[in-house]
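Each chain is listed here by its residues.
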Amino acid sequence: MAGNTLMIYVNMLAVFKRRFYELILFALVNPFYWLMHSIAAYKGLWQLIYKPFYWEKTNHGLTKVSHSSAAATVVANANET
């Protein structure tokens, strides 16, 4: 616990030394940030042990238009020119 308090003070000292006073809140919430890192690390370790071939994927590029209708639109536009 004393190590965490020391790290908060070091972060606050860096904020004050550089006169970035608006960042003081981030120095104070560092323990929450470290807690979230710990949870993510333990979750990753659990998944590595119990589900070694599991891949937690993030869906990117989700739209309301399906790929087939988007492809049809591209083909129709290409035929018009």
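Residues numbered from 1 in each chain as written. Predicted model: local features only at pLDDT ≥ 70, side-chain atom pairs only at ≥ 80, totals over all residues. Heavy atoms only, no water.

## What to know about the overall build of the chain
Tallying secondary structure elements over the chain gives four helices and zero strands in all. If you list the helices and strands of the chain from N to C, you get α-α-α-α. Burial statistics for the chain: of 81 residues in total, 7% are counted as buried. When the accessible surface of the chain is split by element, carbon and sulfur atoms take 68% of a total near 7,700 Å². (Helix = DSSP H or I, 4+ residues; strand = E, 2+ residues; numbered from the N terminus. Buried < 20%, exposed > 50% of the residue type's maximum accessible area, 1.4 Å probe, protein only. Areas by Shrake-Rupley, 256 points an atom, 1.4 Å probe, with all protein chains shown as cover.)

## Some points on the side chain of Gln47
Inspection of the secondary structure assignment puts Gln47 in helix 3 (residues 30-50). Those residues in contact with Gln47, other than ones at most four positions away along the chain, are Pro52, Tyr54 and Glu56. (Contact = heavy atoms within 4.5 Å.)

## Some details on the pattern of salt bridges
Between side chains of opposite charge, pairing is possible as soon as their charged atoms come close. In total, this model carries one salt bridge according to the counting rule given. Glu56 is the partner of Lys43 in a salt bridge, and the nearest nitrogen-oxygen pair spans 3.3 Å. Taken as a pair, Lys43 in helix 3 and Glu56 in the loop between helix 3 and helix 4 (67-80) lie far apart in primary sequence, 13 residues in all. Its relative accessible area of 41% is what places Glu56 among the partly exposed residues. (Salt bridge = Lys/Arg side-chain N within 4 Å of Asp/Glu carboxyl O.)

## With respect to a nonpolar patch on the surface
A cluster of nonpolar side chains, contributed by Phe20, Leu23, Leu25, Phe26, Leu28, Val29, Phe32, Leu35, Met36 and Ile39, occupies part of the molecular surface with about 970 Å² of accessible area. Of all elements in the fold, only helix 2 (24-28) and helix 3 reach the threshold of two or more residues within the nonpolar patch. Counting residues per element, the nonpolar patch draws most heavily on helix 3, which supplies four residues. You can call Ile39 partly exposed: its relative accessible area is 47%. (Patch = residues over 30% accessible without salt bridge, like charges linked within 9 Å, V, L, I, M, F, W, Y side chains within 5 Å.)

## Some details on the environment of Leu23
As for its position among the elements, Leu23 is in the loop between helix 1 (2-17) and helix 2. According to the relative accessible area criterion, Leu23 is partly exposed, its value standing at 35%. It is 9.6 Å that separates the C-alpha atoms of Leu23 and Asn11, two residues lying 12 residues apart in sequence.

## Description of unusual backbone geometry
The backbone of Arg19 shows a phi angle near 60°, a positive value even though the residue is not glycine. Within the secondary structure layout, Arg19 lies in the loop between helix 1 and helix 2.

## Some remarks on the confidence of the model for the chain
Averaged over every residue, the pLDDT of the chain is 79; residues scoring 70 or more account for 75%. No element of the chain has a lower mean pLDDT than helix 4, which averages 66, and none a higher one than helix 3, which averages 92. (pLDDT = per-residue confidence, 0-100.)

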